[in-house]
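Close look at the chain arrangement
Listed below are the residues making up each chain.
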Amino acid sequence: MQKGSPSLTSIISAFGRAYHSRFDQPKVFDDYLAERLISEDEYEEIKANMIQGIGFFNEELAQKWKGHSEQILKWITQVQLSPTPLARAAYCEGVLLNEVRLGAKQYVILGAGLDTFCFRHPELQDTLDIFEVDSPMTQEFKKKKLEQAGFEIPSHLHFVPMDFSKAFSGQPLIEAGFTGKKTFFSLLGVSYYLTKDELSSLLAHLFALVPTGSSIVFDYADETLFEAKGVSNRVENMVKMAAASGEPMKSCYSYSEMERLLEQCGLLIYETLTPEKINERYFSNRQDHLSAFETIHYVHAVKK
């Protein structure tokens, strides 16, 4: 993300969710509101850029499908763009709703982007305070999008402008109404871009604010990240695209490394999903290109 600009990742992620909701069956995760936050011009521009980029992803298919733009778009979206954002959102929200039943009163979304959870679950207005943490520019961009789409911001949704990846402070959260109640955190699509020390420091600061039983869901890359190819070289492509965008991926972990890091932060792993488990849970028996991304794992960790 360039300084002074809204997160490009947030727009592309919303595009992937909107495309899945509109065209794919069965649904892995149905964000039926995502397309309302993307203008038709933005949708068409992202679509055109992806179609034009088919040669980068797969030169053979670029030649084979020349002139078949919708087929190309479907392949790029389902192979490269959507699998991880869809499955990790489905996993995270499933855990969150269970945590709410178990007494969580606050939900902090770190790197919220164009998240629509609050608007898809109005039934939680009286039971769950939601805090969206993201860069100031991205939040202002989202607020404009919400206004343009006719959304009213409910009283339990709190915006917290902060570049938490650089330096986290609990004070902006507290000023937005955050208290020491049982809390659920999500940190999706972020850990790869932090060093191991940065992730450890962030988790330690977060969980210093909350009581025992509070928890977090996040995704991380395993130790094969920088050597794996993946289906149609998609893992290698992901790493290359991140570097080219100016936001290189910085870290990957073995399971034992992640376990030690969390232990040092006072957290225990409650559940972890490997790529194989993710594929089995969210992508089994599909007739399209969607499948779990190699090297990416999900973790639900709980404060002791």
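For the structure, check the block above.
A quick note: this is a predicted structure, and the numbers were derived from the prediction, not measured.

Digging into the overall build of the protein chain
If you tally the helices and strands in the protein chain, you get 13 helices and seven strands. In terms of overall dimensions, the protein chain has a C-alpha envelope of 55 × 45 × 40 Å along the principal axes. Buried positions account for 55% of the 304 residues belonging to the protein chain. As displayed, the protein chain has an accessible area near 14000 Å², and 50% of this comes from carbon and sulfur atoms. In the protein chain, 31 positive and 41 negative side-chain charges are present, and the distance between their average locations comes to 1 Å.

Points about the sheet that holds strand β1 (residues 106-110)
Here seven strands make up an open sheet; going across it, the order is β3-β2-β1-β4-β5-β7-β6 and the pairing mixed. Each end of this open sheet is capped by a strand with a single partner; those strands are β3 (157-161) and β6 (267-273). Mean inter-strand twist for the sheet, computed between neighbouring axes without regard to direction, equals 20 degrees. In this structure, β1 lies alongside strand β2 (residues 129-134), joined through five bridges in parallel fashion. Each residue of the ladder has a partner; that of Ile109, found in β2, is Glu132. Docked against the sheet, helix α6 (residues 83-101) engages β1, β4 (183-187), β5 (215-221), β6 and β7 (296-303), running at close to 20 degrees with respect to β7. Taken strand by strand, helix α12 (residues 255-264) contacts β5, β6 and β7, and its axis lies near 145 degrees from that of β6.

Points about the environment of Gly111
Within the fold, Gly111 resides in the loop between β1 and α7 (117-120). Judged by relative accessible area, Gly111 falls into the partly exposed class, the value being 31%. Spatially, the C-alpha atoms of Gly111 and Gly189 are 8.2 Å apart, while their sequence positions differ by 78 residues. What Gly111 contacts, discounting residues up to four positions off in sequence, is Val133, Asp134 and Phe164.

Let's talk about the pairing of β2
For β2, the tally of buried residues reaches five of six residues, placing the bulk of the element in the interior. As paired strands, β2 and β3 are joined by five bridges and run parallel to one another. When the sheet's bridge partners are listed, Phe131 is paired in β3 with His158. In the classification by handedness, the crossover that spans β2, the intervening helix α8 (residues 136-148) and the parallel β3 is right-handed.

Notes on unusual backbone geometry
Leave glycine aside and you will find that most residues have negative phi; peptide bonds, for their part, are mostly trans. Here Gln25 and Pro26 are connected by a cis peptide whose omega angle stands at -10 degrees. You will see that Asn233, though not glycine, has its phi angle at about 60 degrees, which is positive. Relative to the elements of secondary structure, Asn233 occurs in the loop between β5 and α11 (234-244). Unusually for a residue other than glycine, Thr295 sits at a positive phi of about 80 degrees. Along the chain, Thr295 turns up in the loop between α13 (275-282) and β7.

Description of the pattern of salt bridges
Taken as a whole, this structure holds 17 salt bridges when the rule is applied. The salt bridge involving Arg22 is made with Glu35; its shortest N-O contact spans 2.7 Å. On the criterion of sequence distance, the pair formed by Arg22 in helix α1 (residues 8-23) and Glu35 in the loop between α1 and α2 (40-52) is long-range, its members being 13 residues apart. Taking relative accessible area as the criterion, Arg22 reaches 40% and is therefore assigned partly exposed. The partly exposed category is assigned to Glu35, whose relative accessible area is 34%. Between Arg281 and Glu271 there is a salt bridge, with its nearest N and O atoms 3.2 Å apart. In this pair, Arg281 is assigned in helix α13 and Glu271 in strand β6, connecting sequence segments ten residues apart.

Looking at the environment of Leu262
The topology assignment puts Leu262 in helix α12. Note: C-alpha distance between Leu262 and Leu203 (59 residues apart in sequence) is 8.1 Å. Those residues within four positions of Leu262 in sequence are excluded, and the remaining contacts are Leu203, Phe218, Leu267, Ile269, Val299 and Ala301.

About the criteria used
- Residues numbered from 1 in each chain as written.
- Predicted model: local features only at pLDDT ≥ 70, side-chain atom pairs only at ≥ 80, totals over all residues.
- Heavy atoms only, no water.
- Helix = DSSP H or I, 4+ residues; strand = E, 2+ residues; numbered from the N terminus.
- Buried < 20%, exposed > 50% of the residue type's maximum accessible area, 1.4 Å probe, protein only.
- Areas by Shrake-Rupley, 256 points an atom, 1.4 Å probe, with all protein chains shown as cover.
- Lys, Arg positive; Asp, Glu negative; His and termini not counted.
- Charge placed at Lys NZ, Arg CZ, Asp CG, Glu CD.
- Pairing = 2+ DSSP bridges.
- Axes fitted to C-alpha atoms, helices over the stretch in contact; angles between N-to-C directions.
- Contact = heavy atoms within 4.5 Å.
- Right-handed = clockwise from strand over helix to strand, strands pointing away.
- Salt bridge = Lys/Arg side-chain N within 4 Å of Asp/Glu carboxyl O.

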